[in-house]
Amino acid sequence: MSTLVAASAANVLVWIVWVVAGFSCLASGVAVVSFSNPFYSALALIGNLGSLAILYLLLSAEFVAAAQVLVYAGAVMVMFLFVIAYVGPRMEAPWAGGPSWQTLGAVGAAGALLVEIVVVISLKAGDSLGTSAAVGASFGTPAWIGRIFVTDHLASFEITSIVLLVAAVGGVILGSHTRRRASETVAPNVVEQREPVGGAR
Amino acid sequence: MIAASWLCLFAPLAGTILILLGGTRISRVAAGWISTVSVFVAFAGAVGAFVGLHGESNRAGTISTAWTWLQSGSFKVELSVLIDPLSTMMMLIVSGVGALIVLYSIGYMDGDDEERRYFAYMSLFVFSMLMLVEGGNLLLLLVGWGLVGLSSYLLIGFWHERPSAIRAAKKAFVMNAFGDATMALAFFVLIAHSGSLAFSTSFATAGQLSQTTVDLVALGLLGGAAAKSAQIPLQTWLPDAMEGPTPVSALIHAATMVTAGVYLIARTYPIFEQARTIELIAAGTGALTLLVAGLIALVQTDIKRVIAYSTMSQIGYMFLGAGVGGYANGMFHLMTHAFFKALLFMGAGLVIHALADEQDIRKMRGIGALMPFTKWCFLAGALALVGVPPFSGFFSKDPIVASTINLGWYGWVFWACGVVGAFLTGVYTFRLWFLVFPGEPSELVRRHFGRHSTTATDGLDGGPLHADGQGTQRHGEGPWTMLVPVGVLAVLATFGGWIQFPPHWEYVTNWLRPVAPTLAVAVPTSTQESVTSVVVVLAGLAGIALAWAIYGTERVSVPGVPGLRRLLEHKFYFDELYDALFYRPAAAVSSLARRDFEEQVVLPTGPDLGQTALDAGGLVRRLQTGLLRTYVLFLAGGAAVIGLVFLVTR
Amino acid sequence: MLGPGVAWYAALAGFLFGTGALGVLIRRNVLIVLLSLEIMLNGANLALIAFSRHAGNGAGQIFALAVMAVAASEVCVGLGLVVALHRRRLAIDVDRLSELRG
């Protein structure tokens, strides 16, 4: 009986945490795409990543949650903020520009994708989504992740490291100063590029 | 034997591909030698096949299959060659004479800008012709047939900046296409009935077809043969085909391609023997053509056109011989004709080359004094053509005429045609010879040969100027690449006929007996044979005498029958007839359709299709915004649609 | 599993994905587009982790870690591009960058 009560109390707690984290996740996601100042969008994304980390914890993925905070929120977002600061303030109205049907079409496409996902989950996969597997206490722990990284999924481990290497090299090359040739002048008028055709009047 | 046949078939193709791949990286002379060597290799292969077949006891024909493309039950489409007496004989002729002519071309086409293309085409042609004669089933025969038509078109129109050459090439191709169509239809009937592409099966089951069907099939085959061999009524393309370079005329329009029709009749003789009427119509076509062509050749002034009409006439003899049932006679005449006709064309080419592309025989008098080698070789070819013993034409032409005797009343008509044709041959051939070679050199000749009047075999210091102003030093009558083939063919034209002298020894007939046995009705008695020979030879000599009288010594003037002269000069008005029958009605119908139907009816009432297309295009153009975001939207939309489809269907 | 079933997580992941897609399709600032891409990737990650927990299979978490590494690499290169663009005084505007020049 106490286990049932404990179980239900834990359940309620988990539900509350889930609702809060989910709500902040969604809100920060919408904030990212709606703010006109990219700096604020980046900060909203950090919030998004944090709430996702909480959700991962609820899903017994402790290592991934830690990696999310450390790597994603810690390193990647810091890089983003650096570049945003470097590039400077650019404010643009989020819904402006492009042909008239672009915005409408975008909302339609995104909405269609979302509806399809929800429909698939609810209608088609309803049966098999009922009961989850019971997992041991070591599921999702760093030791466990480490072990399967070097045993079952060694290939993905190695390939991921190669991808990271390539990205590092690419980043360095892109960020390096190109040697200015005498004939190559950075014309200030390249900022004025042609208006997109198709009706951005 | 089998390997030799495959080598024979594919060596020229390898030559073509090598030249094509080499492009401008190889020199022009190298392209010429690649082509020549490839055809000589083919000849070696043909000799190997011949020798191999000679050693076999059963010569009915071996089919060697390299690759099966399709197989459906008993219907097989294969890449195979047929090695039998008929095909090896043709292989030897095609590759042997072809090799000599390609060698000759090296000298003749020297200096032309597009020489590499020429040699690629020549090798392609030799490959196509070999495919035609060696093909092991009906499909490959058709493939070879079409490819030789293509090569002929490409080579006639080789000098593509000349409108006349382009027109001649188109004319040749279209007339051949007509024959190709009838022949293909005939083959389709055979294949549909027998369910197989093999020669033996198709011919054997042809016996089960009704007489009308067999007649139609044979008629279709005859149409194809007549088109390819320039017999009446499909003969008008051959004189125009002389627009091509002279070696092309020698190879394609004298020795090999135009004889494909005769080969076809010999190959498909079981069909023809069941449609005896059609076979006799073939003989009649041959007889008619040999007369008409002989008459037209009397008034031609272009040296190549005289020889072209002579070709047409001699192929008429071959059709006559094959049509009455003497396939070996027709094939033997094909062989000797290849020798002496190629020789005549190449000799004419030597003359044309020496006179800087002048082809009008009225201006050429007396060149024999300055080109003795050419003169004697040409004389050998001319005597062989007329059929004077012991030259080769005598051995091959007379049996054809003799074989018509036992047919009945029309046999005698054919016999008379053959004799008159021999007379005409004598006249026009020696008209040509007397106008061009003996006598005092004409103005044009002197201009091209400097001051030398009697000997020309030493280097000419004055150096004739070519029409292109190059002014090369000419040593003798031409480079060795041109003189050697002419000499070889002169020897062959002289002695090549000695392998068959019916009824005493008949090597060719015996060789071909397993695959093309002569019909009994076409075998004359030895008295008929001898009498005919004497008559034909006398007719030929009479023709020579007449030509000598008119043109040699000019004792007699040309008999003037004005209407006749005009008729002959217009080639019996065949071109005008076809123009009125086919071209004018088509042009009238199309202009009628445009004026009365399209402009009155379609344009005002129907939708303006042009504007509609423009509007639709304008609508689509608005999708091309040039923005990355739009294209990503299309991606996302597409993904949504695919997801929807999967949702609905699964 | 305590709390909501995997369907809820999957629906949340779908929402994130859709929001990110909307941002990619609508926004013009290159940096915001990159941020929206990150949101899409995170949505996918969430789905992966959720189903990994549901099936008890560790492959999902491994895949999610790999996705994270790839996202980091992609951001690195993308930001390098933005820096290079800025250095050449080009506009950081997806609509303006429609020609591959310079």
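What counts and what doesn't
- Residues numbered from 1 in each chain as written.
- Chains lettered and ligands numbered in written order.
- Predicted model: local features only at pLDDT ≥ 70, side-chain atom pairs only at ≥ 80, totals over all residues.
- Helix = DSSP H or I, 4+ residues; strand = E, 2+ residues; numbered from the N terminus.
- Buried ≥ 20, exposed ≤ 12 C-beta atoms within 10 Å, placed from the backbone.
- Contact = placed C-beta atoms within 7 Å.
- pLDDT = per-residue confidence, 0-100.
- Core = buried A, V, L, I, M, F, W, Y, C linked by C-beta atoms within 7 Å.
- Nonpolar A, V, L, I, M, F, W, Y, C, P; charged D, E, K, R; others polar.
- Axes fitted to C-alpha atoms, helices over the stretch in contact; angles between N-to-C directions.
- Parallel < 35°, antiparallel > 145°, perpendicular 65-115°, else oblique.

*Asks:* Just to check I follow, could you spell out the overall build of chain C for this structure?
*Replies:* Regarding its fold elements, chain C presents 3 helices and 0 strands. Its helices and strands in sequence order give chain C the pattern α-α-α, from N to C terminus. Taking all 102 residues of chain C together, the buried fraction comes to 63%. The long-range share in chain C, meaning contacts at least 24 apart out of those at least 6 apart in sequence, stands at 48%.

*Asks:* Got a minute to help me understand the confidence of the model for chain A in this structure?
*Replies:* Detail in the predicted coordinates should be disregarded across regions flagged by low pLDDT. Residues and elements named next belong to chain A. Residue-level pLDDT values for chain A average 81, and 77% of them are 70 or greater. Highest mean pLDDT in chain A belongs to helix 2 (residues 38-58) (94); lowest belongs to helix 4 (residues 100-124) (82). This model gives residues 182-201 a pLDDT under 50, and the stretch forms 30 contacts once residues within four places in sequence are excluded.

*Asks:* What's the story with the nonpolar core in this structure? I'm lost.
*Replies:* Across soluble globular proteins, nonpolar side chains have a tendency to be buried as a group. Ranked by internal contacts, the top residues of the largest apolar core, which has 201 residues, are B:Leu130, B:Ala342 and B:Leu343. In terms of residue count, helix 15 (residues 327-354) of chain B provides more of this core than any other element does, 18 residues in total. Those residues within four positions of B:Leu343 in sequence are excluded, and the remaining contacts are B:Cys377, B:Gly381, B:Val486, B:Leu489, B:Ala490 and B:Ala493. Counting 75 residues, the second-largest nonpolar core is a separate cluster that includes A:Cys25, A:Leu114, B:Ala636 and C:Ala21.

*Asks:* Would you take a moment to explain the interface of chain C and chain A for this structure?
*Replies:* Interfaces are frequently sized by the accessible area removed from exposure as the parts join. Listed as interface residues are 70 residues of chain C and, on the opposing side, 80 residues of chain A. Where the side of chain C that touches chain A is concerned, the elements lending two or more residues are helix 1 (6-26), helix 2 (30-55) and helix 3 (59-87) of chain C. Of all the elements, helix 3 of chain C adds the most residues to the side of chain C that touches chain A, at 21 residues. Considered class by class, the residues forming the side of chain C that touches chain A number 43 nonpolar, 18 polar and 9 charged.

*Asks:* How do you make sense of the packing of helix 14 (residues 303-323) of chain B against helix 15 of chain B when you look at a structure like this?
*Replies:* Helix-helix packing: each pair is described by the crossing angle between the helix axes and the interaxial distance. Residue and element names in this part refer to chain B. At a minimum axis separation of 9 Å, helix 14 and helix 15 run at an interaxial angle of 175°. By the angle between their axes, helix 14 is roughly antiparallel relative to helix 15. Touching Ile 303, Lys 304, Ile 307, Thr 311, Gln 314, Tyr 317, Met 318, Gly 321 and Ala 322 of helix 14 are Tyr 327, Asn 329, Gly 330, His 333, Leu 334, His 337, Lys 341, Leu 344, Phe 345, Ala 348 and Val 351, all from helix 15. Partitioned by chemical class, the residues of the contact of helix 14 with helix 15 number 11 nonpolar, 7 polar and 2 charged.

*Asks:* Looking at this structure, I do not really get the packing of helix 11 (residues 260-267) of chain B against helix 14 of chain B. What am I missing?
*Replies:* Residues and elements named next belong to chain B. Helix 14 packs onto helix 11 with a crossing angle of 5° between their chain directions and a minimal axis gap of 10 Å. With respect to each other, helix 11 and helix 14 are oriented roughly parallel. Facing helix 11, whose interface residues are Val 262, Ile 265 and Ala 266, helix 14 presents Ile 315, Met 318, Phe 319 and Ala 322. The residue inventory of the contact of helix 11 with helix 14, partitioned by class, reads 7 nonpolar, no polar and no charged.

*Asks:* In this structure, what is going on with the interface of chain B and chain A? I would like to understand it.
*Replies:* Listed by partner, the interface residues are 15 residues for chain B and 16 residues for chain A. Looking at side-chain class alone, the side of chain B that touches chain A contains 7 nonpolar, 6 polar and 2 charged residues.

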